[in-house]
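These are the residues of each chain, in order.
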Amino acid sequence: MAETTSIGVAELDKSLMNGVPRGYTILVTGTPGTGVELFAKQFAAAGIGKENVTYFSTTESDEAVKNAMKEFGWKQDIRVVNIGKMYYEKVLAKNLEVSKYRQEGLKMRDIKQFNASQAEQSQDVNFLTTLTYGISKLKPPFRIVLDSLDFFLEYYDEPDVLSAIRTIKAHTHLNNGIALVTMLKGVFDNRVESGVQDIVDITIEIERLREGSEFKRNILIRKVRNHPEKTKILSCHIDEKGISAKTL
Amino acid sequence: MPSENIIERERCVTGIDGLDNILNGGIPRGNTILFTGSCGTGKTTLSLEFLVHGALADENSLFVSVTESSDKLTTNVIPYDFFEESLIKTGKLAFVDMPVIYERLGLTNVEFSLEDVDTLVRALGNLVDELSVKRLVIDSITSVCYRLKTEEKIREFILKIGKALSNRGCTSLLISEISPSADRYSLYGVEEAIADGIVLMGNYERRGDLLRTLQVVKMRGTTHSRAKYVLDLTPAGVLLVPLLKGGGGI
């Protein structure tokens, strides 16, 4: 059996292969509010001290990621690569500036301020390339968290995103790293979801059901590569220590 | 020579003697002129001279460079005897790079939409207002047209830019690039139909020499000669001599 590492939730480790084999890529999905983002952070925290943990964030700020980890009493020695912030700086901030010039008119001073170096900076950035390049530079042992794929699926063509996931998976596999990507459930069509699920080694879904006046959560192990017998449903509990699971 | 009773509209005196003579006193103010010709025929040089003379005559002048960087152009202006650097320092003669305008306005698509055309025309109007520009050159309009693609959008752009500039009393030269063998005055054929005037520049081979020529084909608002002239680029500026009288030192 290959060497394994923890997914961050003890009972889930047991249900898998006493952890997750190194080299694996995991997909975690769920509808908004189920705890997917928290799962990603708990997974990140589980690698601290043993692996170089890099957290690619597309929506939260660096501080928000680390503060959330602090609130649950986890260490925060991770590197956050903030794709969301880069996107703001390179695209959204520029769009805001453009709308200002379009509304208020262009002045000579605005043109003079724009020098050659700015022209270079304003080249279009492909964030998918930024992501895969960032990952290709990671040195083992590494643990990658990508929260979330939704950003890339929204801005790039599906085949390009799938190709990027394959690259991440191949790099993770070859270097005995471990990677976790998150994706919202029910946002993209089945073809996209199936495409992503087909590439990853393990798919986990967090499900939230309403039972009377309460929510009940389950963790669904939907796919384990070459081990269909390991797919199962665990009950999920979230408290101040984070996510825990129990075999039903 | 111009005579008082011919001049109906106020003139923008180009400062280029030969050209003012051909036009009976200058370009009718507010006209949008297509300066067209193949490469190396002196379009940019002539238009720069038009602006320098304007700036010297206290008319604020703006050169909008589409293909070449304006830094490079300013060094090309210097050889003129009559050029004064203070014209640039005081802002009487200003240069802007069209790609910077595109960038600032977020016009990054390879093909502009009709809305983009409006945005661009408005921005150029803003600059003309802000700097009180009386003379404007766009070098070249052909490069802008590459981004417009369709005749409809080219027509829209030239009509709107012409109107916006004319309303502001700004006399404008739109530089148009054509191939030497072209049988029309502009690449798309639309520009020439809409412009207020067409000045055709070309090359003429005579006795082993390649002469530059200039011909005013059309000019609304004035009578003009339609003869071909030989054009000489000298440090004293452009010199024009009628072709048939053996110009160009021959």
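Since this is a predicted model, take the numbers as computed values, not measurements.

K.L.:
A description of the overall build of chain B should follow, citing residues and the corresponding values.
P.N.:
Of the regular secondary structure elements, chain B holds 9 helices and 11 strands. Taken over C-alpha atoms, the radius of gyration comes to 17 Å for chain B, in line with the 18 Å a tight globule of 250 residues would show. Oriented by its inertia axes, the alpha-carbon framework of chain B measures out at about 50 × 40 × 40 Å. Counting across all 250 residues of chain B, residues that qualify as buried make up 50%. Here the analysis covers contacts within chain B between residues at least 6 apart in sequence; of these, 68% occur between residues at least 24 apart.

K.L.:
An account of unusual backbone geometry is needed here, citing residue identities and associated values.
P.N.:
Between Asp147 of chain A and the following residue, Ser148 of chain A, the backbone shows a cis peptide bond with an omega angle of 10°. With respect to the element layout, Ser148 of chain A can be found in the loop between strand E6 (142-147) and helix H8 (149-155). In this structure, Ser140 of chain B follows Asp139 of chain B across a cis peptide bond, with omega equal to 5°. Not every positive phi belongs to a glycine, and Asn18 of chain A is a case in point at roughly 55°. Along the chain, Asn18 of chain A falls in the loop between helix H1 (10-15) and strand E2 (20-21). We note that Asn24 of chain B has phi near 55°; this positive angle belongs to a residue other than glycine. Relative to the elements of secondary structure, Asn24 of chain B occurs in the loop between helix H1 (17-22) and strand E2 (27-28). Asn24 of chain B gets classed as partly exposed once you count the C-beta atoms within 10 Å, which come to 18.

K.L.:
Lay out the interface of chain A and chain B with the relevant residues and their values.
P.N.:
Taken together, the contact between chain A and chain B spans 13 residues of the former and 14 residues of the latter. Secondary structure elements with two or more residues in the side of chain A that touches chain B: helix H4 (83-104) and helix H5 (108-112) of chain A. It is H4 of chain A that contributes the most residues to the side of chain A that touches chain B, 4 residues altogether. When the residues that make up the side of chain A that touches chain B are grouped by side-chain class, the tally is 7 nonpolar, 3 polar and 3 charged.

K.L.:
Account for the sheet that holds strand E4 (residues 60-65) of chain B, naming residues and giving values.
P.N.:
Residue and element names in this part refer to chain B. On the basis of which strands lie adjacent, the open sheet formed by 9 strands has the order E5-E4-E6-E7-E3-E8-E9-E10-E11 and mixed pairing. Both outer strands of the open sheet, strand E5 (93-97) and strand E11 (237-242), are each paired with one neighbouring strand and no more. In this sheet, adjacent strand axes meet at a mean angle of 25° when their direction is disregarded. Taken together, the 10 bridges between strand E8 (residues 197-206) and strand E9 (residues 209-219) define a ladder with antiparallel strand orientation. Pairing of Leu200 across the sheet is with Gln215, part of E9. Packing of helix H7 (residues 141-148) onto the sheet brings it into contact with strand E6 (133-139) and strand E7 (171-177), and relative to E7 it is tilted by some 70°.

K.L.:
Which residues make up the nonpolar core, and what values go with them?
P.N.:
Ranked by internal contacts, the top residues of the largest apolar core, which has 76 residues, are Phe35, Val64, Leu136, Val137, Ile138 and Leu174 of chain B. When residues of this core are assigned to their parent elements, the largest contribution, 7 residues, is made by helix H6 (residues 114-130) of chain B. Of all hydrophobic cores here, the second largest spans 59 residues; its members include Ile165, Ile168, Ile178 and Val200 of chain A.

K.L.:
Describe in detail the environment of Thr14 of chain B, supporting the description with residues and values.
P.N.:
Residues and elements named next belong to chain B. Secondary-structure assignment places Thr14 in the loop between strand E1 (11-12) and H1. Spatially, the C-alpha atom of Thr14 lies 9.9 Å from that of Thr171, the residues being 157 residues apart in sequence. Leaving out residues up to four positions away in the same chain, Thr14 has contacts with Leu19, Asp20, Gly26, Ile27, Phe50 and His53.

K.L.:
Requested: an account of the confidence of the model for chain B, with residues and values cited.
P.N.:
Residue and element names in this part refer to chain B. Residue-level pLDDT values for chain B average 86, and 93% of them are 70 or greater. Low confidence marks residues 246-250, where pLDDT is under 50. Its contacts with residues over four positions away, or in another chain, come to 12 contacts. Complex prediction metrics read pTM 0.71 and ipTM 0.73.

K.L.:
Requested: an account of the pairing of E6 of chain A, with residues and values cited.
P.N.:
All names here are of chain A. The buried fraction of E6 is high, at 6 of 6 residues. Here E6 shows a buried face lined by Phe142, Ile144 and Leu146 and a second buried face lined by Arg143, Val145 and Asp147. Examined bridge by bridge, strand E4 (residues 52-57) and E6 share 6 bridges and lie parallel to one another. Bridging from a neighbouring strand, Ser57 pairs with Asp147 of E6. The pairing of E6 with strand E7 (residues 178-184) spans 4 bridges and is classified as parallel. Across the sheet, Leu146 pairs through a bridge with Val181, a residue of E7.

K.L.:
Break down the sheet that holds E7 of chain A for me, citing the residues and quoting the values.
P.N.:
Pairing between the strands of a sheet comes from backbone hydrogen bonds, and it takes one of two forms, parallel or antiparallel. All names here are of chain A. With respect to topology, 9 strands assemble into an open sheet ordered E5-E4-E6-E7-E3-E8-E9-E10-E11, the strand pairing being mixed. The two strands at the open ends of the sheet, each matched to only one other strand, are strand E5 (79-82) and strand E11 (242-247). Going from strand to strand, the sheet's axes swing by 25° on average, the running direction of each strand aside. Where strand E10 (residues 232-239) meets E11, 6 bridges bridge the pair, whose relative direction is antiparallel. Note on E11: the bridge partner recorded for Ile238 is Ile243. Here helix H9 (residues 158-174) sits on the sheet in contact with strand E3 (25-30), E6 and E7, set at roughly 155° to E7.

K.L.:
Account for the packing of H4 of chain A against helix H7 (residues 127-136) of chain A, naming residues and giving values.
P.N.:
Residue and element names in this part refer to chain A. Two elements in contact, H4 and H7, have axes whose closest approach is 11 Å; the angle formed by their N-to-C orientations is 145°. The handedness of the crossing between H4 and H7 is right-handed. Here Ile83, Met86 and Tyr87 of H4 lie close against H7, whose contacting residues are Phe127, Thr130 and Leu131. Among the residues making up the contact of H4 with H7, the classes are represented as 5 nonpolar, 1 polar and no charged.

What counts, and where the lines are drawn
Residues numbered from 1 in each chain as written. Chains lettered and ligands numbered in written order. Predicted model: local features only at pLDDT ≥ 70, side-chain atom pairs only at ≥ 80, totals over all residues. Helix = DSSP H or I, 4+ residues; strand = E, 2+ residues; numbered from the N terminus. Rg over C-alpha atoms; globule rule 2.2 N^0.38 Å. Buried ≥ 20, exposed ≤ 12 C-beta atoms within 10 Å, placed from the backbone. Contact = placed C-beta atoms within 7 Å. Nonpolar A, V, L, I, M, F, W, Y, C, P; charged D, E, K, R; others polar. Pairing = 2+ DSSP bridges. Axes fitted to C-alpha atoms, helices over the stretch in contact; angles between N-to-C directions. Core = buried A, V, L, I, M, F, W, Y, C linked by C-beta atoms within 7 Å. pLDDT = per-residue confidence, 0-100. Left-handed = near helix turned anticlockwise from the far one by under 90°.

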